[in-house]
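# Secondary and tertiary structure notes
One letter stands for each residue in the lines below.
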Amino acid sequence: MNGLVLALRFALELALLAALAAAGLALRWPQPWPIVAAVVLPIAAAAAWGTWIAPKAPRRVDDPGRIGLELVMFSLGVVGLLVAGRPWLAATFGALVVAHLVAMIGLGLRGH
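All of the points below concern the structure found in this document.

Here is what the cut-offs are and how they apply
- Sequence order sets the numbering: in each chain, residues are counted from 1 along the sequence as written.
- Predicted model: local features are reported for residues with pLDDT of at least 70 only, side-chain atom pairs are reported and counted for 80 or more only, and whole-chain, interface and lining totals are derived from all residues.
- To get the side-chain values, all heavy atoms of the structure are used, and hydrogens and water are removed first.
- Helix numbering and strand numbering both begin at the N terminus, where a helix is a DSSP run of H or I of at least 4 residues and a strand a DSSP run of E of at least 2.
- Note that the radius of gyration is over C-alpha atoms, with the globule rule given as 2.2 Å times the number of residues to the power 0.38.
- Relative accessibility decides the category of a residue: with a 1.4 Å probe and only protein chains considered, values under 20% of the type maximum give buried, values over 50% give exposed, and everything between is partly exposed.
- When checking whether two residues touch, look at their non-hydrogen atoms; a contact exists if any pair is within 4.5 Å.
- In short, Shrake-Rupley with a 1.4 Å probe defines the accessible areas, and a residue's cover is counted only from the protein chains shown.
- Only four residue types enter the charge count: Lys and Arg as positive, Asp and Glu as negative, with His and the chain ends excluded.
- The atoms used to mark charge sites are NZ of Lys, CZ of Arg, CG of Asp and CD of Glu.
- Throughout, nonpolar core names a set of buried Ala, Val, Leu, Ile, Met, Phe, Trp, Tyr and Cys residues whose side chains join them through atoms within 4.5 Å.
- Multiplying one less than the number of residues by 1.5 Å gives the expected span of a helix.
- Angles run from 0 to 180 degrees between N-to-C directions of axes, and those axes are lines fitted to C-alpha atoms, restricted for helices to the stretch in contact.
- Any angle that is under 35 degrees is reported as roughly parallel, and any over 145 degrees as roughly antiparallel; angles of 65 to 115 degrees are reported as roughly perpendicular and all others as oblique.
- Crossings are classed by handedness, with left-handed meaning an anticlockwise turn of the near helix from the far one by less than a right angle and right-handed meaning a clockwise turn.
- Three classes are used, and their members are as follows: Ala, Val, Leu, Ile, Met, Phe, Trp, Tyr, Cys and Pro are nonpolar, Asp, Glu, Lys and Arg are charged, and the others, Gly among them, are polar.

## Let's talk about the overall build of the chain
- Within the chain, the secondary structure is distributed over 4 helices and 0 strands.
- Counting from the amino terminus, the chain carries its helices and strands in the arrangement α-α-α-α.
- Rg of the C-alpha trace for the chain: 14 Å, near the compact-globule value of 13 Å for 112 residues, within the 12% margin.
- Overall size of the chain, expressed as C-alpha extent along the three principal axes, is 45 × 30 × 20 Å.
- Here the chain, with 112 residues, has 33% of them falling under the buried criterion.
- Across the chain, the fraction of contacts at a sequence separation of at least 24, relative to all contacts at a separation of at least 6, is 59%.
- For the chain, the accessible area works out to roughly 6500 Å², and carbon and sulfur atoms hold 75% of it.
- In the chain, the 8 positive side-chain charges and the 4 negative ones have mean positions that sit 8 Å from each other.

## Observations regarding the environment of P58
- Mapped onto the elements, P58 comes out in the loop between α2 (33-52) and α3 (65-83).
- Those residues in contact with P58 that sit more than four places away from it in its chain are G50 and T51.

## So, the nonpolar core
- With 18 residues, the main nonpolar core has L16, W49, M73, F74, F93 and V97 as its most contacted residues.
- Only α1 (2-26), α2, α3 and α4 (87-106) provide two or more residues apiece to this core.
- Residue contacts for L16: discarding those within four places in its chain leaves W49, M73, F74, G77 and F93.

## Some remarks on α2
- Taking 1.5 Å per residue, 20 residues should reach 28 Å; α2 reaches 28 Å between its end C-alpha atoms and fits that length.
- Along α2, the positions that sit buried rather than exposed are P34, A37, A38, P42, A45, A48, W49 and T51.

## Considering the packing of α1 against α3
- Where α1 contacts α3, the two axes come as close as 8 Å, and the packing angle between them is 45°. Taken together, the axis directions place α1 and α3 in an arrangement best described as oblique. For the crossing formed where α1 meets α3, the hand is left-handed. Where α1 approaches α3, its residues R9, L12, E13, L16, A19, L20, A23 and A26 are matched on the opposing element by E70, M73, F74, L76, G77, G80, L81 and V83.
- Residue composition of the contact of α1 with α3, grouped by class: 11 nonpolar, 2 polar and 3 charged.

Any functional reading would require information that these geometric values do not contain.
This is the structure in structure tokens:
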């Protein structure tokens, strides 16, 4: 079960990056700004995740701050999907994030 929950976490992290890229492309700005945003938003999110959230992050935040930061980051993914015009995907992503966090806490995997 632990492996399944950790695999879901990895998939959600990748989905977060994809959602931010989709949000960037959906912006109604003159070209090339949507493309720039589609590249910069996921890179910025990955940098933040790697700095403060990842298991081997150099400045890893301890819980409960880390779970709050994760919720903010995943919420940005939900908003990104809404901006991209994908409300059902946003709702599904949000529900999976909540289920994942509950499973992580329930299984004692918050240190990962």
